Structures are given as structure tokens and as C-alpha cells.
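Analysis of the macromolecular model
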Amino acid sequence: MEDFDPKRFVETQVEAIRKAIGSQKALVAVSGGVDSTTCAVLTRRAIGGNLVCVILDDAFMREGEPEKVAEILAKDPFNVPVKIVDVRERFLNAMKGLRDAEEKRKKFRETFYAVLSETAKKEGCSILVQGTIRADIVETVGGVKTQHNVLEQIGINPMEQFGFKVVEPLLTLYKEQVRMVARHLGLPPEVSERQPFPGPGLSVRVVGEIRPDKLEALKKATTIVENNLAEHKPSQYFAAIIDNEESPGQSKTHVQETVARLLNVPSRNVHVKIFKDKATGVKGGERSYGKIVGIRIAAADGKIFQTPIPKLVSLQAKITSENPTITRVLYTVDELPEKRPYVISIRAVQTKDFLTAQVSEIPWKTLEKTAEEIMAKCPNVSAVYYDVTPKPPATIEME
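Nothing here was measured: the structure is a model prediction, and the numbers come from that model. (Residues numbered from 1 in each chain as written. Predicted model: local features only at pLDDT ≥ 70, side-chain atom pairs only at ≥ 80, totals over all residues. Heavy atoms only, no water.)

1. Overview of helix α11 (residues 253-263)
Condition: Burial status follows relative accessibility: with a 1.4 Å probe on protein chains alone, a residue under 20% of its type maximum counts as buried, one over 50% as exposed, and anything between as partly exposed. Note on conventions: DSSP H or I runs of at least 4 residues are helices, E runs of at least 2 residues are strands, and numbering of each starts at the N terminus.
Within α11, the full set of buried residues consists of V255, T258, V259, A260 and L263. Following α11 by one or two positions, N264 adopts a phi angle in the positive range, close to 55°.

And the structure:
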């Protein structure tokens, strides 16, 4: 990565894009993330007005994001006109009732490409330009999880199925290299340093079934987490939402005893929750679908027992190695006495290539403040956890 020269990359890719597209019209869908936005600016430089840029408002973007991204791209020096296509209802209907993470990813991909196919035909575009990067291919081909933008590499012929050829200018790059290209192109920090955001958006941060009230609570929590954790500079940080429902008939005694022993606290002070919904993990380079465990320890004064994050990560390692069916361990930051429908999990990690990741040591003061704000602004959330699981055994995203 040290030898990577963004200037040379841009020059080479502009030529390669021109050669691949020629005088045809091309479509690019921008999500607001650094990959797709960099791709749009790079392609605009190569083919000018022959690029049609759209934002699919699929209901899974952050608060106010479609308008914000369109505004950035339309300004100097980029001058990329953007059309916002409102397909929120279509995506929400397509995902209705689905609980399984892979099912949701596949349904998102199916709907995403159906919409793009229709849009391309309407705009007279025979080429789709997309910001697929190296990590997307590695994870999809390796069986960890289906990235929505990977097609030909897994045997899907886009021309046959959707009526367009796909051009992927960023395919050889890792995330940090894409950021270097974005900075070189002059994209503002709110894009070049933008938090990695999954193609299926917040749909993969809604664990289990997607419901409008659940999605709304996640959008509010996402804004709070991004605002509060930014100063600590994790590689990636976000909120996820889980139904506050326990898995029936699960024995929790073993986990409870492990926690009590390792943290030297009375086992009566340890509360263990195994959630009904599961999360995606990684074992031996492949996807594994496992249980999510929430742990709460009461201190002598009845408040949450605050122990250093590295200790909690070690505890997680012990729990997941002794209980292979557990993929993810969450630790309580704050909890209300009354039960509400949902809980929020805060995720923050350090990573170079997004293929492995370590848990960020966010100060307890920041976590507490964030949890208080979330529960004040999301009346249907009764607990906030911190995810203390590295990758592996968990993926970075919840789903």
C-alpha cells in the first residue's frame, strides 16, 4: 500500500474507462459511500456528459443522506448532476418479513439490480459503472457474505440478466487506497473519510426483521454514534438494532460462570441474555451464523460494572472458544429498568484491510454519553451495548 500512487492510478483508470465505455452512455448508482462516489467522479472525468448518475433512495440510507450527497456532487469542481430515484416503498416491501441475513442480502441485490436495469433502459445506458473493491470480492467468493455488488465473479452474467455490461474501476483497491484516490480527486473529507457504509445500507444493521419503527430508531442511533465516536478515530463505527427477545430454552449458566470467574465478580451479579435473532460470523475464512450474547454485570452500587475494553475482549475470546455456537458478545453500557421492543449495539473497530479487525478502546465516558442520548431519543430502545467481538469470529457488520 505504501507504493500506491493515486495520481498514476487516476490517469491509468481514466484511460481504461474511456476504452471500456467508448461513446456509449453509462449509469452509476451512488450510495454516499467513498467507493461509489469516487467511482462517479472518476468516470465523469473519463466520459463527461455520457455518465448518468443516480442515487437510489432505498429507505436504508442515513438521515438526509440522498440530498446531502447529491448536493456535494453537483457542486464545483465535480459538476456531476445527480437524479434521486425514490424506491423506498419498493425495497421495504421486498424485504418485508425476512429475518435471515443472507436472505435479506440476496433480496436486496435482486431488487437493487431490477431497479438499476429499469433505470438503465429508461436512460438509454448499456453500461453500469460500480465501485466494487477488492474486499467485496474476497468476502463473496470466500463465502463469508454476499456483497450486493458482486456479479460476474460468482457466475452472474449482467448482460444476460439485466441488459448492461459492468465496468468496475476500483476492483484492485482496498478501502484505504480508495480514500487516497478520493483525496487526490479533491473530494471533501465528509466523503473521502466517510465511514464505510454497506451497499445494502442500514438493512444489514437491522438484525432480524425490518420494520419501519425499528429502522427509524436505527437512523437516530446511527447519527448519535457517528457524532460521538468520530473524535476517537476508529476505522469503522456504527449502531445496529436487535429485537429485545431472548432465545427460549437456552442454558446460560456456563457463560455466566465464565464471566464471573474471569472478571472476578459474584455470579449472582452477572446477567446473560441470548438473543432470539442471530448474527453473521467468520470461522476458517467462511461464513458462520451464530448466537448473539448480551452480558450485564451489576456493580456494588447497582450501576453497570465498567471494566477495561481489552478485558472484555479477552472475556469474549474465552466465551466464543468454549461455546462455538456463539458468534458475537455484547457488553451492556446502559439499560433501563422497563423492557422496550429493541436494543442498540454500538460497534467500533480498527482495521487496515477490513478482512480482520480489532475492537476499538472507546472510553467508557463516551459510551455512556452515547447510550444516554440514544435512549432519550429512541423511546422504543431499552438497552445499549458495546460489541466486544473482533473479526474473526464476528464480521464487522452485524449481518
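2. Structural notes on the pairing of strand β6 (residues 236-243)
For β6, the buried fraction is high: eight of the eight residues fall into the buried class. Every second residue of β6 is oriented toward a common face, with Q236, F238, A240 and I242 on one face and Y237, A239, I241 and D243 on the other, all of them buried.

3. A closer look at the pattern of salt bridges
Stated precisely, the cut-off is as follows: A pair is scored as a salt bridge if a Lys or Arg side-chain nitrogen falls within 4 Å of a carboxyl oxygen belonging to Asp or Glu.
As enumerated under the stated definition, the model contains 31 salt bridges in all. Ionic pairing is found between R88 and D86, a salt bridge with its closest N-O pair at 2.9 Å. R88 sits in the partly exposed class, given a relative accessible area of 40%.

4. Here's the deal with the packing of helix α4 (residues 88-95) against helix α5 (residues 101-123)
Rule in force here: Helix axes are fitted to C-alpha atoms over the stretch in contact, other axes to C-alpha atoms as well, and angles between N-to-C directions run from 0 to 180 degrees. Left-handed describes a crossing whose near helix is turned anticlockwise from the far helix through less than a right angle; right-handed describes the clockwise counterpart. Any two residues whose heavy atoms approach within 4.5 Å are treated as being in contact. We call Asp, Glu, Lys and Arg charged. Ala, Val, Leu, Ile, Met, Phe, Trp, Tyr, Cys and Pro are nonpolar, and the rest, Gly among them, are polar.
Their axes nearest at 9 Å, the elements α4 and α5 cross at an angle of 150°. The hand of the α4/α5 crossing is right-handed. Here R90, F91, A94 and M95 of α4 come into contact with α5, specifically with K104, K107, F108, T111, F112, A114, V115 and E118. Considering only residue class, the contact of α4 with α5 consists of seven nonpolar, one polar and four charged.

5. Concerning the packing of aromatic side chains
Counted only if it meets this: Note on aromatic contacts: the rings of Phe and Tyr and the six-membered ring of Trp form a pair at centre separations within 6.5 Å, being stacked when their planes are under 30 degrees apart, edge-to-face when over 60 apart, and tilted otherwise.
Throughout the structure, instances matching the rule amount to seven aromatic pairs. Between F91 and F108, the ring centres sit 5.1 Å apart and the planes meet at 45°, which makes this aromatic pair tilted. With F91 in helix α4 and F108 in helix α5, this residue pair connects regions lying 17 residues apart in the sequence. For the residue pair F91 and F108, the accessibility class agrees, reading buried in each case.

6. Some points on the packing of α11 against helix α12 (residues 309-322)
At a minimum axis separation of 10 Å, α11 and α12 run at an interaxial angle of 145°. Note that α11 runs across α12; the crossing there is right-handed. Judged by residue contacts, H254, V255, T258, V259, R261, L262 and L263 of α11 engage K311, L312, L315, K318, I319 and E322 from α12. Residue composition of the contact of α11 with α12, by class: seven nonpolar, two polar and four charged.

None of the figures reported here should be taken as evidence of function without further support.
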